[in-house]
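# Per-entry structural report
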Amino acid sequence: MTHSPIGIIGFGAYIPRLRLSRKAMAAALDWLDPNLAAHGKGERAVANWDEDSLTMAVEAARDLLAARALSPDRLVFASTTLPFQDRSNAGLIIDALGLAETTRPADATGSLRAATSALLSALEQTCTTLLTAADRRLARPGSVQDFTYGHGAAAVTVGSGPGVIAEFLGGHSIFRDLVDHYRAEGEDADYVLEERWARDEGYLKIVPAAVKGALAQAGISADQVDHFILPGTMAKIQATLAGKLGLRADSVVDPLAASVGDTGAAHALLMLADILGRTQPGRLILLVGYGQGADAIVLRTTPALSDFIPATGVAGWLSRRQAENNYLKHMSFSGMVNIHFGMRAEHDKRTAHTVAYRKRDMVNGLTGGRCTACGCVQFPRTRACVNPACGAIDTQEPLRLADEAASVKTFTEDWLGFTPCPPLAYGNVQFANGANVMMEFTDIQAGQLAVGLPVRMVFRLKDDDEKRGFRRYFWKATPQGEG
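My aim in this report is to walk through the structure given alongside it, one point at a time.

What counts, and at which threshold
Residues numbered from 1 in each chain as written. Predicted model: local features only at pLDDT ≥ 70, side-chain atom pairs only at ≥ 80, totals over all residues. Heavy atoms only, no water. 1 Å grid on protein atoms, 1.4 Å probe; cavity = no way out; pocket = protein on both sides within 12 Å on 5 of 7 lines; lining within 4 Å. Points joined across faces, edges and corners; volume = space filled by probe spheres on them. Helix = DSSP H or I, 4+ residues; strand = E, 2+ residues; numbered from the N terminus. Nonpolar A, V, L, I, M, F, W, Y, C, P; charged D, E, K, R; others polar. Pairing = 2+ DSSP bridges. Axes fitted to C-alpha atoms, helices over the stretch in contact; angles between N-to-C directions. Salt bridge = Lys/Arg side-chain N within 4 Å of Asp/Glu carboxyl O. Buried < 20%, exposed > 50% of the residue type's maximum accessible area, 1.4 Å probe, protein only. Lys, Arg positive; Asp, Glu negative; His and termini not counted. Polar contact = N/O pair within 3.5 Å; in protein donor to acceptor, adjacent residues only side chain to side chain. Contact = heavy atoms within 4.5 Å.

Turning to empty space enclosed by the protein, a few remarks are in order. Unoccupied space between atoms shows up once a probe the size of one water molecule is rolled over them. Under the criterion given, the structure shown has two cavities of 30 Å³ or more. The space that makes up the largest cavity amounts to roughly 70 Å³. Lining of the largest cavity is provided by 13 residues; of these, L138, A139, D146, H330 and S334 occupy positions nearest its centre. Residue assignment for the lining of the largest cavity shows that the elements contributing at least two residues are α5 (144-148) and α10 (327-333). It is α10 that contributes the most residues to the lining of the largest cavity, three residues altogether. Residue classes in the lining of the largest cavity are distributed as seven nonpolar, three polar and three charged. Within this model, the second largest cavity holds a volume of roughly 40 Å³.

The following block contains the structure:
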């Protein structure tokens, strides 16, 4: 019988373009605690005001699907910062990706190892799963976590067959209710206990038990591991555990602490995406997720890895960066300070849910229409064709625009209209297939837009209805190479 391996068949990533200087953070807090300068090295990835865990998860999944398109049976979204407690966040991602409504959605949450636990479950099933993970964790200003956390996302697809690029060899999972941090209902930021408690009772005792179980199931010894992936920004924790477990010192994978920060539930997959983009076939990977226990997963890269070319990948997103030194701006974006934006910010943002439901493929998936009589492409899709020479009725067929090439046709930078990050930029976007859509621009700097500038579509937060606790999303245009 021919062996049909089960494992990872694709990967993607997303890192926001804004990188906040930790030196600038320490300088802003010098009046409070000069000792914070010890944390002022490197930078952390921070989300724009219109990015959250859901939008970042969409971008990571799009990065994956751009490299290897597929129609998964399931889509799992792992995060500890889900935007909705009672609405399918994964279902909204399915809509944004334009996947079939028969794709089964599932949200995985409640622990920093939500993604690795979901990955282990997917590896033990026979269907094709798209797992995307993201976190936008908040931290108290001036806390160590504010320096060490980062924002980001990663995605993998799990399946079987000759397309597997990293074969699953074994896994082991342990649950222990060791509380080294937590975030209770109604709280924005984590409460974190002493680092020594997490290190001595958590990492150094729980992780070895999970790793030994996984290595035994995979039938390999510790010194055979080529890449040891363990999220965490605690000083030397990866090297310490490698020595304790008998792993080679050169197997320790960079945790991206200096360039990104700890992206929470997404970080194990982000580090996995990073190493899969750099390693060779035939390498053994030990992937560990930690949080109220630990998951350990052993993978072996296959010759098919050579055929997988990341669309942007971790290296690409790391290179797409904009330095940010304004700590107050970051706190405003995260809601930690309440900036006065004036009366223009007071307009009611109530959502017409009946319209949002009936137009959901247009709102969530940026799906327009193409006239079957003349070929004219338009957005929004309507009963009548907008081509003056046609005007046919009921001839529109759905056409997704989210992944189409486009450029700036007209633009306005409005310094009077409200946006959490002025100026409010909007204008006409010309798609290569002929569609012309009025929309907002994001991830831009004042003066950057120009007629003819190539842009790409990104799924972003439209606004928050603070009165009713509802969050709206829509697509925006961002310059190619940004966002």
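Taking strand neighbours across the sheet as the criterion, the three strands line up as β3-β2-β14 in an open arrangement whose pairing is mixed. Of all strands in the sheet, those bounded by a partner on one side alone are β3 (43-46) and β14 (322-324). Here the average twist between neighbouring strands, direction ignored, is 35°. In terms of strand pairing, strand β2 (residues 18-21) meets β14 through three bridges, oriented parallel. Its bridge partner being in β14, L18 is matched across the sheet by Q322.

The subject of this paragraph is the pattern of salt bridges. With the rule as written, the count across this model stands at 34 salt bridges. Put simply, D50 and K476 hold a salt bridge, and the shortest N to O gap is 3.0 Å. A residue pair is termed long-range when its members are at least 10 positions apart, and D50 in the loop between β3 and α2 (53-67) and K476 in strand β23 (residues 470-479) qualify at 426 residues. The class for D50 is buried, based on a relative accessible area of 0%. Judged by relative accessible area, which is 3%, K476 ranks as buried. The partner of E59 in a salt bridge is R456, with the nearest N and O atoms 3.0 Å apart. Taken together, the positions of E59 in helix α2 and R456 in strand β22 (residues 454-465) put the pair 397 residues apart, joining distant regions of the chain. For the pair shown, E59 and R456 are each scored as buried. One salt-bridge network, in which partners are shared between bridges, spans R17, D50, E51, E440, D443, R460, K462 and K476.

Take the side chain of R136 next. Turning to its location among the elements, R136 is positioned in the loop between β6 (129-135) and α5. Of the buried charged residues, R136 lacks a salt bridge, with D52 as the closest side chain of opposite charge at 6.9 Å. Side-chain polar atoms of R136 contact the backbone oxygen of E51, separated by 2.7 Å. Excluding its chain neighbours within four sequence positions, the residues that come into contact with R136 are A47, N48, W49, E51, D52, S53, M56, T81, H151, F333 and S334.

What follows is about the sheet that holds strand β16 (residues 377-378). The antiparallel open sheet is built from three strands, whose spatial order is β16-β15-β17. The outermost strands of the open sheet, each flanked by one partner alone, are β16 and β17 (396-400). The pairing of strand β15 (residues 367-371) with β17 spans five bridges and is classified as antiparallel. Each bridged residue has a counterpart across the sheet, and for G369 the counterpart in β17 is P398.

Position of G316 relative to the elements: it lies in helix α9 (residues 313-319). A sequence separation of 150 residues divides G316 from A166, and the C-alpha atoms of the two residues are 21 Å apart.

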